[in-house]
Amino acid sequence: MKTSVLIVDDELSMREFLTILLEREGYGVQSAANVELALAKIRDAVFDLVISDVNMPGLSGIELLREIKQVAPETVVLMITAFSAAEQAVEAMKLGAYDYIPKPFKIDEVKLLIKQALEKRDLKWENRLLKQQVQSHDSFCGIIGQSPKMRELFSLLQKVASSNSSVLILGESGTGKELAARAIHEKSQRRSKPFVAVNCGAIPETLIESELFGHKKGAFTGAVSDRAGLFEQAEGGTLLLDEIGELPLLLQTKLLRVLQEREFRRVGDAVTRKADIRLLTATNRDLQDQVKNGSFREDLYYRINVVQITMPPLRERVEDIPLLVEHFFKTLGGTATSSTFITPAALKLLMNYPFPGNIRELENIIERSLILDQTLLSEHSLPPQLTIGRGCCLGDEVDIPEEGMSLEPLLENLEKKYLQKALEKTGGAKKKAAALLGMTFRSFRYRLAKFGLDCEGE
Ligand SMILES: Nc1ncnc2c1ncn2[C@@H]1O[C@H](COP(=O)(O)OP(=O)(O)OP(=O)(O)O)[C@@H](O)[C@H]1O
Ligand SMILES: [Mg+2]
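Analysis parameters
- Residues numbered from 1 in each chain as written.
- Chains lettered and ligands numbered in written order.
- Predicted model: local features only at pLDDT ≥ 70, side-chain atom pairs only at ≥ 80, totals over all residues.
- Heavy atoms only, no water.
- Pairing = 2+ DSSP bridges.
- Helix = DSSP H or I, 4+ residues; strand = E, 2+ residues; numbered from the N terminus.
- Axes fitted to C-alpha atoms, helices over the stretch in contact; angles between N-to-C directions.
- Contact = heavy atoms within 4.5 Å.
- Near = heavy atom within 4 Å.
- Polar contact = N/O pair within 3.5 Å; in protein donor to acceptor, adjacent residues only side chain to side chain.
- Areas by Shrake-Rupley, 256 points an atom, 1.4 Å probe, with all protein chains shown as cover.
- Nonpolar A, V, L, I, M, F, W, Y, C, P; charged D, E, K, R; others polar.
- Parallel < 35°, antiparallel > 145°, perpendicular 65-115°, else oblique.
- Left-handed = near helix turned anticlockwise from the far one by under 90°.
- Buried < 20%, exposed > 50% of the residue type's maximum accessible area, 1.4 Å probe, protein only.
- Arc of directions from axis to C-beta.

K.L.:
Quick one: what's the story with the sheet that holds strand S16 (residues 307–310), residue by residue and with numbers?
P.N.:
Across the sheet, five strands lie side by side as S9-S12-S15-S8-S16; this open sheet has parallel pairing. Looking along the sheet, the strands with just one partner apiece sit at the ends: strand S9 (195–199) and S16. Between one strand axis and the next, the sheet turns through 20 degrees on average, direction left out of account. Bridge count between strand S8 (residues 167–170) and strand S15 (residues 278–283): four bridges; the pairing is parallel. For Val167, the partnering residue across the bridge sits in S15 and is Leu280. Seen against the sheet, helix H7 (residues 177–186) touches S8, S9, strand S12 (238–242), S15 and S16 and runs at an angle of roughly 150 degrees to S8.

K.L.:
Could you give me a rundown of the site of ligand 1, with the residues and numbers involved?
P.N.:
Surveying the vicinity of ligand 1 reveals 19 residues, the closest of which are Ile144, Ser173, Gly174, Lys177 and Glu363. Contact between ligand 1 and Gly174: an oxygen atom at 2.8 Å from a main-chain N or O atom of the residue. Here an oxygen atom of ligand 1 and a side-chain polar atom of Arg360 are 2.9 Å apart. The fraction of the free accessible surface of ligand 1 (630 Å²) that becomes covered by protein chains is 85%. Within the residue set of the shell around ligand 1, elements represented by two or more residues are strand S7 (143–144), H7, helix H13 (321–331) and helix H15 (358–372). Split into classes, the residues belonging to the shell around ligand 1 amount to seven nonpolar, six polar and six charged.

K.L.:
Could you give me a rundown of the packing of H13 against H15, with the residues and numbers involved?
P.N.:
A pair of packed helices is captured by two measures, namely the crossing angle of their axes and the spacing between those axes. Following both chains from N to C, one finds H13 and H15 inclined at 50 degrees, their axes separated by 10 Å at the closest point. The orientation of H13 with respect to H15, classified from their angle, is oblique. The chirality of how H13 crosses H15 is right-handed. Contacts from Leu324, Val325, Phe328 and Phe329 of H13 reach H15 at Ile359, Leu362, Glu363, Ile366 and Leu370.

K.L.:
Tell me about helix H3 (residues 61–71), residues and numbers included.
P.N.:
Buried within H3 are the following residues: Gly61, Ile62, Leu64, Leu65 and Ile68. For H3, the buried positions fall inside an angular range of 155 degrees around the axis, keeping them on one side. Against strand S1 (4–8), helix H2 (35–44), strand S3 (49–53), strand S4 (76–82) and helix H4 (86–94) lie the buried residues of H3. Among the residues of H3, the N-terminal cap falls to Ser60, whose side-chain oxygen and the backbone nitrogen of Ile62 are separated by 3.1 Å.

If you want it as C-alpha cells, here you go:
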C-alpha cells in the first residue's frame, strides 16, 4: 500500500507543485484547499503524513493540527510557515507537529524532511510493538488481550470461576467462547477433573440423548454395549454444551429435567445416576429471539443463564490486534530475523479490517501469511480481502461518455446506497452498519450527516 499524504494549502499552485513532487516519489497524494475540506478527509481515512500551510482563509493550519492530534495521533504533520513567522512555527511544534517548512523552500530539503518524518513514524510503530512484546503477559489462561474490554472480561471470568453457577457464554463466531469456557474450568476448583466440550449442532438429532447421557446395551439398534455419555465423562468436572441454540426441543426438556433434579438415566436404563457437573453453555445465536419464536424453552434459558458472559468482537478492541498478531506469529512458527516481525503498512491494514470471523480469522490470516514469508508479515503476504476494496459490486469495466461526465455525484450516490443498505441490514444499528462497511463509527456517522441520512440512536 502506498504511503498516503494529504496536502492542505489554499494556493492552487502550491498544492499542484507538492502533489507532482510527492507522486513522483511514489506516495499516494490527496489535497484540500482549506481546513474544512481537510478535516472531512482526515475523518474519513488515516493519512501517514499531512503537510499543511499555517495561514489560510477560514480555519488556520494550527486548528487542523489540533484536530489531527485528537483523531489520528499516528499521523505525522509538517507545517508550512511564512519565513518570518517564527512564533507560528514554535506553536506548531508545541502542538505536536513533526517539523515546519519555512517558505520559500528548496525541493531537496522538503523531500529529505518528508523522508525523515516518515522514517521516524515507522520507528515509533516498531517501538510500540516492542513495548507490547515486553508486556505480553497480558493474558488469562491463554486468552490474549490488554484492552479495557478484555481486562474486564478477565476479572469477570476469575470471579465466575470460583462459583458453581451455570454460565452462558455469548459472542460472534471466533471470539473465543470455547477458550473462555476452558479458562473458567482451569481457574475453578474442578480443574483436576475433566473438562468436556460438545457441539450440540454437530451431533445427529437421534444420537444426542445417548451422546449426552449414555445408553444401555440393546436400548436401540446399534447400541451393542453399555456406554457412558458425556455427563458421566465430565463427572466432577465441567461440561460445555456449545451451540446450545441448536439443541432440539425434546432434548431441551430432558436437559432441563437433569439440571433440576441433578440426576439422569442412560437411554434404556432404569438406574438413576447423580450428575455432579458444572454446566457451561455457549452460542453465537440470539437465544432471546429463539425464546420468543418458540424454538428455545424459556425455563431452560433462565436455568442456563445464571451468569452471562459476552465475548467482545475483535473490531471493538482493535488495540489488541498487535498483541494477537505477535502471539500468533510466534505460536504458528514465525521466526523473525530482527526485532520487527510486521511492517507498519501490514499492521495498518490489519487494524483497519473489520474481522467478521474475529480472532479465528486473524489466526488464519497469520498462518497463511507465514506460509508465504516466515520471517516478516508484510502487506504483500496478506490475503486480498485486506488489500483491495472489499465487497465492491462494480465490474472491472467502466466507461466515460464522449461528452464527459460528473464523477462526484455518481460516487456520492453509490456511497449513499451502501450506507442505506448497511443500515437496512442491521436494522438501523449504526455501529454494526459501520463495521459491515469496514469503517469507523465516527466516519460512518459523519457520512450519514453529510447525506442527511442521520437519525437518532447508536
Ligand atoms: N483472546 C484470544 N487470544 C488468543 N487466541 C484466541 C483468543 N480468542 C480466540 N482465540 C483463538 O481463536 C480460535 C477461535 O476461538 P474459539 O474456538 O474459542 O471461538 P468460538 O467463539 O468458540 O467460535 P465459534 O462460535 O465459531 O465456535 C481458537 O483457535 C482460539 O484459540
Ligand atoms: Mg466454539
